[in-house]
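Each chain, letter by letter, is given below.
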Amino acid sequence: MSRSKFTSTLERCKKFFSSKQNSFTGKYHLYTGEKRNWFQVTLLLEMSVVPVILPWVLLCGVYGFLVSILDNWGFPVAFPEKSAVLTNAVLSFNIGFTLLLVFRTNTAHERFWEGRKLWGSLVNTVRNLAQGIYVVVKEQSPQDRVEKEATLRLLVAFAVAMKLHLRAEPVDEQLASLMSEIQYFKLKDTQHPSLQIAFWIRNYLQHQQDRNCVNIYQLTALYNLVDDLVDILGGCERILKTPLPLIYTIKLRQLLLIFCLILPLEIVNNLTWWTGIIMAFVSFTLLSIEEIGSEIEEPFGHDPNDLPLNAICNTMLRNVEELITLAPSTEYDWRL
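The present account deals with the structure reproduced in this document. Values in this document were obtained by computation on a predicted structure and should not be read as measured data.

1. Comments concerning the packing of aromatic side chains
Centre-to-centre distance and the angle between the planes together describe a pair of aromatic rings.
And then number 1: This model, assessed by the stated rule, comprises 3 aromatic pairs.
And then number 2: Relative to tyrosine 248, the ring of phenylalanine 103 has its centre 5.0 Å away and its plane inclined at 45 degrees; by these criteria the two rings are tilted. Taken as a pair, phenylalanine 103 in helix α5 (residues 84-136) and tyrosine 248 in helix α11 (residues 246-271) lie far apart in primary sequence, 145 residues in all.
And then number 3: Over the ring of tyrosine 134 we find lysine 148; its NZ or CZ atom is 5.1 Å from the centre of that ring.
And then number 4: When the ring centre of tyrosine 223 is taken as origin, the NZ or CZ atom of arginine 202, which lies over that ring, is 5.7 Å away.

Listed below in structure tokens is the structure:
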């Protein structure tokens, strides 16, 4: 009986931790690696959008309040309630505007998800290439071990340099800890640090083949993985340098402006003094969705809704350092 109670308690504990992991804060922790409570996460995500749209929300609320004042003073600002033609026209406009807003959001999310898939592929490629270099390249002296470990850290340096490149930031101390001082100063004078690091990795592999430390088939397989790194870099650059055509953004904002101008005239008869509050709420909702689409359209920045590139780079660094630290340096010991 006691054993049954223990098993039941264990199952409840597993369900509890599973629910915590799938909760709002748990998902945020899995996504960014940061531990925050529900209020902190909500406030952080909202503050990335609210400051941008708040002036427009206040303007729409004030406009709705002015429409309420004019209607209360007897000015004919409201749409006639019995005008079916005008009501149908407004309804048709709302449908078209909503479809364009949905298209804008879906397109932005598609770009965001493609960026995440590319960075996921980068993690896998770095892992495969690191293990391949460690296992395939033969060591003939202690210096070979040092060069191999330096090259493994260059794989992480490639990811960090790629992150900085996508964010239009110069090389910094993140890269200095992953390479020699000479290499670091060379990167400062390089237009594209990621490509330079990829060249150093290729050069190392070719040098090992010249020393007969890898055969041509092994070299080809490792070269293909380096090619994958460069292809992933190109995919991210394509997302970064090919934004959604500006005509969609312009047209969406035009329709959003028209919608916010005509909506108070349509609802003031029924809502009277509540028109300003309802306008502020509606504009906040629509502007938030539009701003979120604009934010995640370029997912490589520092916004809270962007990809957690720092966490992804730290994951690759931990994987490589564990490989260097835990993998045996001599012939494999089956007891491990």
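On we go.
2. Describing the layout of surface pockets
And then number 1: What the largest pocket holds in volume is close to 400 Å³.
And then number 2: Among the secondary structure elements, those contributing two or more residues to the lining of the largest pocket are α4 (50-72), α11 and α12 (275-296).
And then number 3: The greatest single-element share of the lining of the largest pocket, amounting to 6 residues, is contributed by α4.
And then number 4: Tallied by class, the residues present in the lining of the largest pocket amount to 11 nonpolar, no polar and 3 charged.

3. Some thoughts on the nonpolar core
And then number 1: If you look at the biggest cluster of nonpolar residues, it comprises 58 residues, and the most contacted ones within it are Trp119, Leu122, Leu175 and Ile197.
And then number 2: Listing elements by their share of this core, those giving two or more residues are α5, α6 (142-166), α8 (181-188), α9 (193-210), α10 (216-241) and α13 (309-326).
And then number 3: With residues up to four places along the chain from it excluded, the contact list for isoleucine 197 reads Leu154, Ala157, Phe158, Ala161, Met179 and Leu187.
And then number 4: Among the nonpolar cores identified, the runner-up in size contains 19 residues, and Phe97, Leu101, Phe259 and Leu286 belong to it.

Definitions and cut-offs
Residues numbered from 1 in each chain as written. Predicted model: local features only at pLDDT ≥ 70, side-chain atom pairs only at ≥ 80, totals over all residues. Heavy atoms only, no water. Phe/Tyr/Trp six-rings, centres within 6.5 Å; stacked < 30°, edge-to-face > 60°. Helix = DSSP H or I, 4+ residues; strand = E, 2+ residues; numbered from the N terminus. Lys NZ or Arg CZ within 6 Å of the ring centre and 35° of its normal. 1 Å grid on protein atoms, 1.4 Å probe; cavity = no way out; pocket = protein on both sides within 12 Å on 5 of 7 lines; lining within 4 Å. Points joined across faces, edges and corners; volume = space filled by probe spheres on them. Nonpolar A, V, L, I, M, F, W, Y, C, P; charged D, E, K, R; others polar. Core = buried A, V, L, I, M, F, W, Y, C linked by side-chain atoms within 4.5 Å. Buried < 20%, exposed > 50% of the residue type's maximum accessible area, 1.4 Å probe, protein only. Contact = heavy atoms within 4.5 Å.

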